Amino acid sequence: MKPILFISLTLLFISNSFSQKNIPNKNLENLQGQTVNIHNEITKDKITVLSFWATWCIPCLNELDAIDEVYEDWQEETNVELIAISTDDARSQKRVKALVNGKGWEYKVLLDKNQELKRALNINTVPEVLVVKNGKVIYRHSGYAPGFEDKLFQILKENAL
């Protein structure tokens, strides 16, 4: 590959990686079976964390449990809202409501039943966290390791209104 072409492609990749992406206009389902639009769920006057997860994903569950322990403090300090978006397929979707009820998570849980939102946001693995402000993704992170919630909280504080 010629150096100029390589540099151009690299710069294009870097600029696309860091560019803000609007949240697409997609319908999801809540745990009561009602259709909701993701745009209506994202509040304009606060930061929203979208956490993409699945019932079979142990790192996803660990991340959501860790956030649950500090979520109330996060809300008080940054006015953040977390929406946990299940990407479970047709076989495992029936486990979502029971798992959420058993965990006692206090945040909103939505189902991306056909994984349309996941695909539109180019999410290939779970867990994946997106921080959204004014309808635009300002931060994204794939994977989970203990302590990530502290880094995420720092990002929320830096971007709080």
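That block above? That's the structure.
Criteria and cut-off values
- Residues numbered from 1 in each chain as written.
- Predicted model: local features only at pLDDT ≥ 70, side-chain atom pairs only at ≥ 80, totals over all residues.
- Heavy atoms only, no water.
- Disulfide = S-S within 2.5 Å.
- Buried < 20%, exposed > 50% of the residue type's maximum accessible area, 1.4 Å probe, protein only.
- Phe/Tyr/Trp six-rings, centres within 6.5 Å; stacked < 30°, edge-to-face > 60°.
- Helix = DSSP H or I, 4+ residues; strand = E, 2+ residues; numbered from the N terminus.
- Salt bridge = Lys/Arg side-chain N within 4 Å of Asp/Glu carboxyl O.

Engineer: What should I look at first to understand the state of the cysteines in this one?
Structural biologist: When the sulfur atoms of two cysteines share a covalent bond, that bond is a disulfide. Per the counting criterion, the structure on display carries one disulfide. A sulfur-sulfur separation of 2.3 Å characterises the disulfide bridge that pairs Cys57 with Cys60. Looking along the S-S bond of the Cys57-Cys60 disulfide, the torsion reads about 80°, which is the right-handed sense. On the basis of relative accessible area, Cys57 is assigned to the buried category, the value being 4%.

Engineer: How should the packing of aromatic side chains be read in this particular structure?
Structural biologist: The geometry of an aromatic ring pair is captured by the separation of the ring centres together with the interplanar angle, meaning the angle of the planes. Evaluated as defined, the whole model comprises four aromatic pairs. Centre to centre, the rings of Trp53 and Trp105 are 5.4 Å apart; their planes meet at 85°, and the pair counts as edge-to-face. Here Trp105 lies in the loop between helix H4 (96–103) and strand S6 (108–111) and Trp53 lies in strand S4 (residues 48–53), a separation of 52 residues in the sequence. Across the pair, exposure class does not vary: Trp53 and Trp105 are buried alike.

Engineer: What's the story with the pattern of salt bridges in this structure? I'm lost.
Structural biologist: Close approach of charged atoms allows side chains of opposite charge to pair. Applying the stated rule across the entire model yields six salt bridges. Ionic pairing is found between Lys113 and Glu29, a salt bridge with its closest N-O pair at 3.3 Å. In this pair, Lys113 sits in the loop between S6 and helix H5 (116–120) while Glu29 sits in strand S2 (residues 27–30), placing the two residues 84 residues apart along the sequence. Given the relative accessible area of 36%, Lys113 is considered partly exposed. Here Glu81 makes a salt bridge to Lys108, at a shortest N to O gap of 3.3 Å.

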